[in-house]
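Observations on chain architecture
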Amino acid sequence: RPPCAMDWQVENQVRVGLFGSGVGLSLVLGFGVAYACYYLNSIAKKPQLVASNDRFCRFLEEYCPVVTETYYPTIWCWEGRVQTLLRPFITSRPQVQYRNELIKTADGGQISLDWFDNNDSLYYPDASTRPTVLLLPGLTGTSKESYILHMIHQSETLGYRCVVFNNRGIAGEELLTPRTYCAANTEDLEAVIHHVHSLHPSAPFMAAGVSMGGMLLLNYLGKTGRDTPLMAAAIFSAGWNVFESVESLEKPLNWLLFNYYLTTCLQSSISRHRQMLEKLFDMDLVMKARTVREFDKQFTSVMFGYRSIDDYYEDASPCRKLKSVGIPVLCLNSVDDVFSPGHAIPVETAKQNANVALVLTSCGGHIGFLEGIWPRKCTYMDRVFKQFVQAMFEHGNKFFSM
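Residues numbered from 1 in each chain as written. Predicted model: local features only at pLDDT ≥ 70, side-chain atom pairs only at ≥ 80, totals over all residues. Heavy atoms only, no water.

**A word on the side chain of asparagine 259**
With respect to the element layout, asparagine 259 can be found in helix H9 (residues 252–271). By relative accessible area, asparagine 259 is classed as buried at 2%. One polar contact links the side chain of asparagine 259 to the main-chain carbonyl oxygen of leucine 249, over a distance of 3.1 Å. Filtering out sequence-adjacent residues up to four positions away, asparagine 259 remains in contact with Leu249, Glu250, Asn254, Thr291 and Val292. (Helix = DSSP H or I, 4+ residues; strand = E, 2+ residues; numbered from the N terminus. Buried < 20%, exposed > 50% of the residue type's maximum accessible area, 1.4 Å probe, protein only. Polar contact = N/O pair within 3.5 Å; in protein donor to acceptor, adjacent residues only side chain to side chain. Contact = heavy atoms within 4.5 Å.)

**With respect to the UniProt feature "active site" (unreviewed entry) in the protein**
Taking the UniProt record as the reference, the feature "active site" (unreviewed entry) is found at Ser211, Asp337 and His366. In three dimensions, the annotated residues from a span of 156 residues occupy one location, with a maximal C-alpha spread of 10.9 Å. By the element assignment, serine 211 lies in the loop between strand S6 (205–210) and helix H7 (212–224). When residues no more than four places from it in sequence are discounted, the contact partners of serine 211 are Gly138, Phe236, Ser237, Ala238, His366 and Ile367. Inspection of the secondary structure puts histidine 366 in the loop between strand S9 (356–361) and helix H15 (380–401). By relative accessible area, which is 7% here, histidine 366 ends up buried. (UniProt positions renumbered as here; feature names shortened; annotations may be inferred.)

**Looking at the environment of aspartate 188**
Looking at the element boundaries, aspartate 188 is found in helix H6 (residues 187–199). Assessed through its relative accessible area of 8%, aspartate 188 is described here as buried. Along the primary structure aspartate 188 and leucine 135 are separated by 53 residues, whereas in three dimensions their C-alpha atoms are 14 Å apart. In this structure, aspartate 188 is in contact with Thr105, Ile111, Phe165, Arg168, Arg179 and Thr180, ignoring residues within four places of it in sequence.

This is the structure in C-alpha cells:
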C-alpha cells in the first residue's frame, strides 16, 4: 500500500477515535459551556449606578435605561487592557464633514474648533434652536478620533449639532504663543463655551468629555458650579485621581502597553512646535521623558506655573472638585480601567452631590466598552452617550421639574 494511503488511514483512525467516540466533541462542548457559564456569572453584569438623588435615578431609569441594563462585553475580548488596545482598530470610523473655525484667545493664541452643523437636520431645521453638543477628546486626541466620530454620528441621527474642541497646537494649527494645554487649566474651555453659546444663545447646550477631556470638563464644572450655559454634561473614562492614574500606568506591563506610547504621542504633539516652545523650555530634556509623569514634570507643570509636579496633579484631579458641580452630570467608568483604577473612583464623594451620577461597569477598559460578537459599529459608551444627551435635550424639563 502506498505511504500516502497509510498516512490517511492513520489520521482517519485518530479522528474516528476522538470524535467518533464523542470524546473530542464532549471536550469542546464542555469547555464552551464552562466558558459561557463563567461569562454570564462573572463578566456580564449590570453596571453599578451611584447617585444620591432618587429623582436623578428615576429619570435615568426612564429615559436612559441603558445604564440599568446588563452590559455584555465582547465575549472574546472583555479584559480591560485588551478592550483598550483593540477598540481603535476594531471600531469603524464614520465619515464626518467638518467646518473648521479658529478663534483667538486673550493671550494671543488660537484654538481650532471643528463644527458639524447638521444643516440637514429634520428634527431641528432652525439652526438657532438646534441642540448643540460640545465634544472634548482625550489627551492627544482630536476631532478625528473614532470615539468622537461615533458621538457625532449618534448626534446626527437625533438632529443635533456638534462642535469639537481641539486643544491648542494638536489639530494641525500653529502655536502662536509658547503654550499648549493641561487638565487643570480651564481658560481655553471657558473661552470656547462662551464663544459657542454666544453664537447660538437660544440653543440647548450640553458637553461631553472623554478621558482627559472629561477631566478638563469636570474641573471646569467644579469651578463654575451653576454659573455655566451648559444644561448637563456626560463624562467618559475620566481619570479621577491623577496620582493613582500615573502610578497604575507605571506598573511594568502597563508602562510597556500604554505609558511609553502615550509619552511618545505627547512628545510628537509638541515637536512640530519646537521652535516656538524652545523660547521657554529645554526641549532636549522634555524629549528624553520616558513616562507621562516625567513629561509632566519637565513640561506641563512648568508651563502652567506649578511649583511641583505634585501641585499640578493635585489641581488636575477632578475628585477634588466633584462636590461643587452644579448641573446634572453622568460619568461612565469601568473599574478595570488602568488609566483610572476602580479604587480611585470617588464613589462616596459622588453620593454627596445630587447633580452627579456614576455608572460603573465591571469591564470595558479605557474608552473601550466593546460589546457584541464583532463590535465594529456601536459600543456601550456610544449608547450611553446617545440616550443621555437625548434624555436631557428632549426630557430635561421633566428632570428639572421633578
